[in-house]
Amino acid sequence: MTTSQPASDPGENSQSGLPSQTVLRGQAELPSQYAPAEVESGLYERWVQRGYFVADAKSDKPPFTVVIPPPNVTGSLHIGHAFEHTLIDSLTRRARMQGFETLWLPGTDHASIAVHALVERALAAEGTNRRELGREAFVERAWQWKDEHGGAILSQMRRLGDGVDWSRERFTMDAGLSRAVQTMFKRLYDDGLIYRAERLVNWSPVLRSVLSDAEVVHEEVEGELVSMRYGSLEDAEPHIVVATTRVETMLGDTAVAVHPTDQRYAHLIGTDLELPLTGRMIPVIADEHVDPEFGTGAVKVTPAHDPNDFAIGQRANLPMLTIMDEQGRISDTGTEFDGLDRFEARVAVREKLREQGRIVAETRPYLHSVGHSERSKEPIEPRLSLQWFVNVAPLAEAAGDAVRDGRVRISPPEMASRYFAWTDNLHDWCISRQLWWGHRIPVWYSPTGEMVCVGPDDPQPSEDDGWRQDPDVLDTWFSSGLWPFSTLGWPDETPDLAKFYPTTVLVTGYDILFFWVVRMMMFGLYAMKDDSAERDVPFHTIALHGMVRDQFGRKMSKTRGNGIDPIDWMDRFGTDAMRFTFARGANPGADVPIGEEAVQGSRNFCNKLWNAVRFGLLNGATTDGDLAADLTGPDAWIVSRLNRVIAEVDGYYADYEFAKIADALYHFAWDEVCDWYLELAKVSLNGSPERAAVTRRVLGEVFDGLLKLLHPMMPFVTEKLWTALTAAESLVIAPWPTADPDRLDPGAEQAVELMQDVVLQVRRFRSDQGVKPSQRIPARFVGLTGYASEIRTLLRLDEPAAGFTPTASLTTAAGVRIELDLSTAVDVAAERARLERDLTGASKERDQTAGKLGSEAFLGKAPEHIVAGIRARNEAAVADIQRIERALAELPPTPDAGTAP
C-alpha cells in the first residue's frame, strides 16, 4: 500500500514503550470527544481557498469529468440532492486522489416555470400581473429574483462538502449557455429537425402554457363517470350510448368510434348521429383502438382534447375542434356554454343532457387517474395547440445505438431495457412554452408571413420593419440537454471542451432517464457528430440510482409528513454520518429506504473511528519510515486484510456499488480493526520495544489506508483524523491506496481466523455458563499452535497451576481443545436451575410455534409475513434448546450429585 507523507517522530516513553503524552502527534488538534460541528467547521472553506477542487485544462493528467445535474435555481437542498451529491462527490474525490485531473462542474437550471410562478405570485400580491407589467419588465423582475433569492442550494452544497470547481459555475441562462442554446436551435432548424405544427399537448390553464410530461403528476381522484345517449331518443331509431369522465368535452366531439368487428354496431358504421346540444351531426367510425369489452364498446371522439382521440382523429382524418381557450373556458362552440369555466361547464352540460333525457347512468364517486400540473396543482387539459417540436426519430436512433454498440455503458445493466424503451418509442418533443422567463425561441416573423431562424452570430431582423420575434420560450429541458458540453464552452472549441469532454460518468436517478438523460444523449451525439467516435457521446457511463424513500419504503411527501430535511440531519448527526448512511443504502438502480436509526448508526461509526485513531495516537501510531517486510502474527494479518479490502473497494467502485463499498469499509473498520486488531495490538504494545515499534508502524499503516478509503464518503472526519495522524497537508490531495499483492498473507489470515474461532467459542461458552466476562478462569490449551498469550489476554484466562483439574472443556472445529476450571467461577446448582428454566421456556415456545405451523387453518389464513415470523421463532427456539442442552451437559457435577445429569 502507498505510504503517506513523512512527518516528525512521535517520541517514546523509555519505561513503558508508549509515546510521551507531551509530544503526541496531533494530540492538540484531536479532542477526546468526537463533535461533528467542531470537526467540520472551516474545513470546506480551507479546501476551496487552497484550490483543491479547481481543475487545470492544461494538465497532462488524464481527465475525470462529472457535470452536476443542475438543481433548480429556486430550490434548496432536499434529501434527493444530498443523496446524489454524496455519490458524485465520492467518485470525484477518489478520482482526484488517484491522480486524475478531476472536474466536478457546478451550476443551476433557470427553472422556467418555477421562477415564472414565483414572480407572478409576487406580482399578484402587489395587485398586478405580468401582462400589465409587460414582458421586458417581467423578465427584469425575474433576474432580480434570481440574483436576490436564487442559489440558496449552492451554499448548502458547501455544507455537504461537494468538491466542485466553483470557478466554473454555470447557469443555464448565462451568456455562454444562451449562445449554445441559440446555436443548437438554429442547427436543428436548418437540418429540418425542428418544425412548427398543431399537436395535442399538456396545457396548464393557470400558467397558460404547455407543460412537459416531467411537469405533470398523475393523481387518483374521485370524479364521475357519466353515460349518455347520442342520436335518437327513440329506442327503435339509431342511437349509441357513450361514457366519459369529462362531460363538457362532448361539445368538441367529431365522431363516435366502435371496433370494426363489433356486430352490435356494424349497421351504424358509416352513418351519422346527432350530437346533443350542438346541432351537429357526427359520423360513427370503425377503429381498432376501441375495446369492445369495455363499457358499451363505443367511445366518443374528441380529437382536440384527448390523446387517444387525437390519434383516432388523425387516422380517420376527423375535424379537430378546440373548444377551450388558454384559461380553460369553453369557447367557439356556438352554444350557451361559451364563457363557462371547464368545471362549471361540466355541471351545466350534464344537467342540460339530463333535461333532455340523455343521461343513461352515473357512477359517482368514480376513481380515476388525472394529470395535474406539478407547479400550479390544477388538472392539466389536453389541448390542440400550435407549437414548436423536435423531430426526434434520427436523434433517438443515434442515442440508442450509442448504448447498443458499447460507446456508453449503463449501470446497472438491467436498466438498459428501460432506456431503449424510451429511445425506440420516442414521440416528437414539444419544446415551446408560453412563458416569458427562459430562452426565447430565435424565430422571427415578417408582416408578409416570412419566417426566419436567427443564430447567435446572425443579424437580428428589425422591429422597425415590422418583424416580430416568436413570443414563446424553450422548454427548460432543451437547455439542460446541452449541459455536458455547453458548460465546457461549446459551440466554441475551448480548452475545457478539448480536455474534459466527453464527461466520464453521469450519476442520476432512473426517474429522469427519459426527461434528461435521453435528451443529453440526443443533443450530445448531434452536436459532436463531426468529431471522432470517441468524443461524440456526452458521457462514457450512465450510473443510475433509485429514489430515496422513508424507512418503510414509502415515497416521501408533504401529505404523509415523512419528508427528511438533510440540513436537520447534518445539524444533529453530522454531515459525515448522513453521507455514509446514503452510501450504505446506494445499490445501483434500487430505491433507498432510509430512516433516522440508520443515521444514528453512522454517527456511532464516526465516533468509533474517532476513538480508534485517537487510541492509535495515544499509543504512538506512526506513518514514518518503511513498513517492515517480514510482519508476523496480528500485524501481518491486518496488513493482509487491508490490502484485500483495498482491492475489494476498487472493484466495487468500478461497478458503482456504493453500498458494498460502505459495507466493506464499515465491517473492516469496526469488526476487524477495532474489535480485533486494536485488542491484539495491546498485547504487542506491552511486549518488547522492538515488537511494539513494529505494531505502532502497522497501526499507522492501517489507519492511513482506512482513512483514505473512507475519505470520499466521509470527507470531514477522515481529514481531521488523517492530518492528526500524519501531520501532512490534506487528505483531499493524498494518494489513493494501492493494493500490494506482496502483502497478502493467507497463512496469517488463516491463523487469526483459528484464533478468532477459539475466542468466540469460549466467550459463547462462558456466557452460556453464566461466567462474567471479568472473571478470570484457569485454562489449558491442547492443539493450539499460536496466539496463546493473545487468547489469554482477550479471554482473561490464567495459566493452569500445578494440580490443575478441568471441570469443563470444548473443542473448536479446527480441533483445538480448551480445558477450563469453572469450580470457583460458577454456582453450579444455581446455574443448572437457571438453564432448566430457560429450557422449559424454549420448549414451550417451540411447541406453540410448531402447533401453528402444523395447522392448515392457520397457514391458509395468515399473511405470508406472519407465517415467516412464526417459522423464524420456531427455528430460534430449536436452536436455543440445543444450546441450553449443550450447556447443561457441559456443567460440572453439583457437589451433591456426583455425576452430571
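## A short note on the overall build of the chain
When you go through the chain residue by residue, the secondary structure sums to 28 helices and 29 strands. Overall size of the chain, expressed as C-alpha extent along the three principal axes, is 115 × 75 × 55 Å. For the chain, the residues scored as buried account for 54% of the 901 residues in total. Of all intrachain contacts in the chain linking residues separated by at least 6 positions in sequence, the fraction that spans at least 24 positions is 76%.

## Focus: the environment of Glu378
Counting through the fold element by element, Glu378 comes out in the loop between strand 13 (359–373) and strand 14 (381–390). In this structure the side chain of Glu378 is engaged in a polar contact, spanning 3.1 Å, whose partner is the backbone nitrogen of Val206. At a separation of 2.3 Å, a polar atom in the side chain of Glu378 contacts the side chain of Ser376.

## A few points about the sheet that holds strand 13
Pairing in this open sheet of three strands is antiparallel, and the strands run 8-7-13 from one edge to the other. Among the strands making up the open sheet, the edge pair consists of strand 8 (239–244) and strand 13. Neighbour to neighbour, the strand axes of the sheet diverge by 25° on average, direction disregarded. The sheet contact formed by strand 7 (residues 216–231) and strand 13 spans twelve bridges and is antiparallel.

## Side note on the nonpolar core
By size, the foremost hydrophobic cluster in this structure holds 192 residues, and its most contacted members are Met184, Phe185, Phe478 and Phe485. Looking at this core, the element that brings in the most residues is helix 21 (residues 658–685), giving 15 residues. Of all hydrophobic cores here, the second largest spans 26 residues; its members include Met250, Val256, Leu275 and Ala298.

## Section: the pattern of salt bridges
Using the criterion set out here, one finds 58 salt bridges in the structure. Between Asp190 and Lys186 there is a salt bridge; the shortest N-O distance is 3.5 Å. Within this pair, Asp190 and its partner Lys186 are both found in helix 8 (residues 175–190), separated by four residues, close to a single helical turn. According to the relative accessible area criterion, Asp190 is partly exposed, its value standing at 48%.

## Focus: helix 17 (residues 566–573)
The set of residues buried in helix 17 consists of Pro566, Ile567, Trp569, Met570 and Phe573. Down the axis of helix 17, the buried set is contained in an arc of 160°. They therefore lie on one face. Contact partners of the buried residues in helix 17: helix 1 (36–40), helix 3 (79–98), helix 7 (152–160), helix 18 (575–585) and helix 19 (596–618). Two or three places before Ile567, at the start of helix 17, stands the capping residue Asp565, its side-chain oxygen 3.0 Å from that residue's backbone nitrogen. A positive backbone phi angle near 100° is found at Gly574, which sits one or two residues after helix 17.

## Here's the deal with the packing of aromatic side chains
Applying the stated criterion across every chain, the model contains 30 aromatic pairs. With 5.0 Å between their ring centres and 65° between their planes, Phe478 and Phe523 make a pair best called edge-to-face. Here Phe478, found in helix 13 (residues 476–480), pairs with Phe523, found in helix 16 (residues 513–527); they are 45 residues apart in sequence, far enough to count as distant. Here Phe514 and Phe515 contribute two aromatic rings whose centre-to-centre distance is 5.1 Å and whose plane-to-plane angle is 55°, an arrangement assigned as tilted.

## A short note on unusual backbone geometry
Cis rather than trans, the peptide bond between Ser411 and Pro412 has omega equal to 0°. If you trace the backbone, Pro412 turns up in the loop between strand 15 (409–411) and helix 12 (416–423). Going from Tyr501 to Pro502, the amide bond is cis rather than trans, its omega being 0°. Following the sequence through the fold, Pro502 ends up in the loop between helix 15 (495–500) and strand 22 (503–509). At Asp332, a residue that is not glycine, the phi angle is positive and equals roughly 60°. Considering the arrangement of structural elements, one finds Asp332 in the loop between helix 9 (307–316) and helix 10 (342–355). Judged by relative accessible area, Asp332 falls into the exposed class, the value being 72%.

## Some words on the pairing of strand 23 (residues 539–545)
Remark: a regular strand shows side chains that alternate across the two faces of the sheet. Among the seven residues in strand 23, six count as buried, and that is most of the element. The pairing of strand 15 with strand 23 spans three bridges and is classified as parallel. The partner of Ser411 across the bridge, within strand 23, is Ala543. Here strand 22 pairs with strand 23 via six bridges, running parallel. If you follow Thr508 over to strand 23, its bridge partner there is Leu544.

## A closer look at the environment of Val673
Checked against the element boundaries, Val673 lands in helix 21. On the accessibility criterion, Val673 (1% relative accessible area) is buried. Between the alpha carbons of Val673 and Ala857 there is a distance of 51 Å; along the sequence they are 184 residues apart. Apart from the residues within four sequence positions on either side, Val673 is in contact with Ile638, Phe668, Leu678, Val702 and Phe703.

## Quick notes on the side chain of Ser684
On the secondary structure map, Ser684 appears in helix 21. At a separation of 3.2 Å, a polar atom in the side chain of Ser684 contacts the side chain of Arg691. Aside from chain neighbours lying at most four places away, what touches Ser684 is Arg691, Ala692 and Thr695.

## Let's talk about the sheet that holds strand 18 (residues 443–445)
The strand order across the open sheet built from three strands is 19-18-20, with neighbouring strands paired in antiparallel fashion. Strands with a single pairing partner mark the edges of an open sheet, and in this sheet they are strand 19 (451–453) and strand 20 (468–469). Summarising the sheet, strand 18 and strand 20 pair through two bridges and their orientation is antiparallel. Directly across from Trp444, in strand 20, lies its bridge partner Gln469.

## Considerations on helix 16
With 15 residues, helix 16 should reach 21 Å at 1.5 Å per residue; the first-to-last C-alpha distance of 20 Å fits that figure. With 15 of 15 residues buried, helix 16 lies mostly within the body of the structure.

## Overview of the pairing of strand 1 (residues 63–67)
Counting buried positions over the five residues of strand 1 gives four, a clear majority of the element. Summarising the sheet, strand 1 and strand 2 (residues 101–105) pair through five bridges and their orientation is parallel. Bridge pairing in strand 2 links Pro63 to Glu101. Between strand 1 and its parallel partner strand 2, the chain crosses via helix 3, and the hand of that crossover is right-handed.

## Some thoughts on the packing of helix 18 against helix 21
Contact geometry for helix 18 and helix 21: axes closest at 6 Å, N-to-C directions at 120°. In this structure, helix 18 contributes Phe580, Ala583, Arg584 and Gly585 to the contact, and helix 21 contributes Phe658, Ala659, Ala662, Asp663, Tyr666 and His667. By residue class, the composition of the contact of helix 18 with helix 21 is six nonpolar, two polar and two charged.

## Concerning the packing of helix 12 against helix 16
The contact between helix 12 and helix 16 brings their axes to 10 Å, and the two run at 75°. Overall, the two elements helix 12 and helix 16 adopt an arrangement that is roughly perpendicular. Contacts between helix 12 and helix 16 involve Arg418, Tyr419, Trp422 and Thr423 from the former and Leu513, Phe514, Val518 and Met521 from the latter. A class-by-class count of the residues in the contact of helix 12 with helix 16 yields six nonpolar, one polar and one charged.

## Focus on the confidence of the model for the chain
Interpretation of this model should avoid reading the predicted coordinates in detail wherever pLDDT is low. With 95% of its residues at a pLDDT of at least 70, the chain reaches an overall mean of 91. Between residues 2–24, whose pLDDT stays under 50, and residues either more than four places distant or in other chains, the model counts 60 contacts. Here residues 897–901 is a poorly scored stretch, pLDDT under 50, and it has five contacts once near neighbours within four places are set aside; other chains count.

## Overview of the state of the cysteines
Each disulfide consists of one covalent bond between the sulfur atoms belonging to two cysteines. All chains considered together, the criterion is met by zero disulfides. Free of any disulfide, Cys430 has its nearest cysteine sulfur in Cys453, 16 Å distant.

About the criteria used
- Residues numbered from 1 in each chain as written.
- Predicted model: local features only at pLDDT ≥ 70, side-chain atom pairs only at ≥ 80, totals over all residues.
- Heavy atoms only, no water.
- Helix = DSSP H or I, 4+ residues; strand = E, 2+ residues; numbered from the N terminus.
- Buried < 20%, exposed > 50% of the residue type's maximum accessible area, 1.4 Å probe, protein only.
- Contact = heavy atoms within 4.5 Å.
- Polar contact = N/O pair within 3.5 Å; in protein donor to acceptor, adjacent residues only side chain to side chain.
- Pairing = 2+ DSSP bridges.
- Axes fitted to C-alpha atoms, helices over the stretch in contact; angles between N-to-C directions.
- Core = buried A, V, L, I, M, F, W, Y, C linked by side-chain atoms within 4.5 Å.
- Salt bridge = Lys/Arg side-chain N within 4 Å of Asp/Glu carboxyl O.
- Arc of directions from axis to C-beta.
- Phe/Tyr/Trp six-rings, centres within 6.5 Å; stacked < 30°, edge-to-face > 60°.
- Expected span 1.5 Å × (residues − 1).
- Right-handed = clockwise from strand over helix to strand, strands pointing away.
- Nonpolar A, V, L, I, M, F, W, Y, C, P; charged D, E, K, R; others polar.
- Parallel < 35°, antiparallel > 145°, perpendicular 65-115°, else oblique.
- pLDDT = per-residue confidence, 0-100.
- Disulfide = S-S within 2.5 Å.

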